[in-house]
Amino acid sequence: MIMLFFRLRLLFTNAVLALAAVLPVAAQQTSESEAELVKRIKAQPQNGFFGINLSFTRPQGDFRRALEGVGKTGPVLGFAIEGGYHFDPAPVAAGLSVDVLFNGSKEKTFNYYGSYGRTFRDTVNASNTMFPILVFFRFQPDVVRIFEPYAEVLAGITVLTASNTFKTNFGSNSTNSEVSAAWNYGFGAGLNIRLVDFIELPNVNRSLHLAVNARYILGGTVNYMVANYDDVQDRVIMNEIRSKTDMFYFRAGVIWRF
């Protein structure tokens, strides 16, 4: 009986020692398997992307002079969203971007003299907003899985909404609104910088990128209404002007790849 007890104790001790020797190896194998799994997930294609950007736009040529004529000087600020499909692992992407550019508003005041030396004042508040809607195609290689420089070509339309609210000295108001659209095409370049990966087991990989982009857009003609005082008719009249829509863009924001 005593001999049986010692033999059982020896067998139990050997089993514990064997298990203790196996556990670190098993843990190491599990850790290595997880590392390989994460590496495999990171290597998976990320085909979809979506981005939000702040826009800094500088009208060019006739477009800049036309906006100055309605009271807008300096750059135009706004925001943009974009999305599309990256043919990963091929370095080619295609998508759509929509900008909202606020040209702001400008109030013009017209003073003129009536009978008995009275002074009259009419005011016109002019505002307009642009919506460039562009399809783009990019050559976008992945450099050491951190940098994604690209060159792009673009085509689409720019929609301009222009509004003029006219208020007379006698308190009556009238509003003139116009929507005009022009074809656009151009080219650009940009850079996406990978900031962080979001890995979800067993097979989900998303990433966040810093994005900068510059574009030069050549555009067709749009219409504006400009307020001027007509000395012959002795009143404020609205004149229509036309200009092309050439623009230089600079945008910065973030891109999600998934």
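Above this note sits the structure.
Residues numbered from 1 in each chain as written. Predicted model: local features only at pLDDT ≥ 70, side-chain atom pairs only at ≥ 80, totals over all residues. Heavy atoms only, no water.

**Some points on the pairing of strand 1 (residues 48–59)**
Two elements, strand 1 and strand 2 (residues 76–86), share 10 bridges in a ladder whose sense is antiparallel. Note that in strand 2 the partner of Phe-56 across the bridge is Leu-77. Direction of pairing for strand 1 relative to strand 10 (residues 247–257): antiparallel, over a ladder of 11 bridges. Within the sheet, the bridge partner assigned to Gly-51 lies in strand 10 and is Ile-255. (Pairing = 2+ DSSP bridges. Helix = DSSP H or I, 4+ residues; strand = E, 2+ residues; numbered from the N terminus.)

**Some remarks on a nonpolar patch on the surface**
Taken together, Phe-50, Ile-52, Leu-54, Phe-79, Ile-81, Phe-102, Trp-256 and Phe-258 make up a surface patch of nonpolar side chains, about 770 Å² in accessible area. For the nonpolar patch, the elements supplying multiple residues, two or more each, are strand 1 and strand 2. Its place among the elements puts Phe-50 in strand 1. Under the relative-accessibility criterion, Phe-50 is labelled partly exposed at 36%. (Patch = residues over 30% accessible without salt bridge, like charges linked within 9 Å, V, L, I, M, F, W, Y side chains within 5 Å. Areas by Shrake-Rupley, 256 points an atom, 1.4 Å probe, with all protein chains shown as cover. Salt bridge = Lys/Arg side-chain N within 4 Å of Asp/Glu carboxyl O. Buried < 20%, exposed > 50% of the residue type's maximum accessible area, 1.4 Å probe, protein only.)

**Here's the deal with the nonpolar core**
Phe-63, Leu-101, Met-130, Tyr-224 and Met-247 are the most contacted members of the largest nonpolar core, which totals 20 residues. Only helix 2 (61–69), strand 3 (92–113), strand 4 (119–139), strand 5 (147–167), strand 7 (204–219), strand 8 (221–230) and strand 10 provide two or more residues apiece to this core. When residues no more than four places from it in sequence are discounted, the contact partners of Tyr-224 are Phe-63, Ala-66, Leu-67, Leu-160, Glu-178, Asn-239, Glu-240, Ile-241 and Ser-243. (Core = buried A, V, L, I, M, F, W, Y, C linked by side-chain atoms within 4.5 Å. Contact = heavy atoms within 4.5 Å.)

**What to know about the pattern of salt bridges**
For the structure on display, the rule yields 11 salt bridges. The salt bridge involving Glu-82 is made with Arg-138; its shortest N-O contact spans 3.3 Å. Here Arg-138 lies in strand 4 and Glu-82 lies in strand 2, a separation of 56 residues in the sequence. Residue class for Arg-138 comes out buried when judged on its relative accessible area of 4%. Between Arg-145 and Asp-197 there is a salt bridge; the shortest N-O distance is 3.0 Å.

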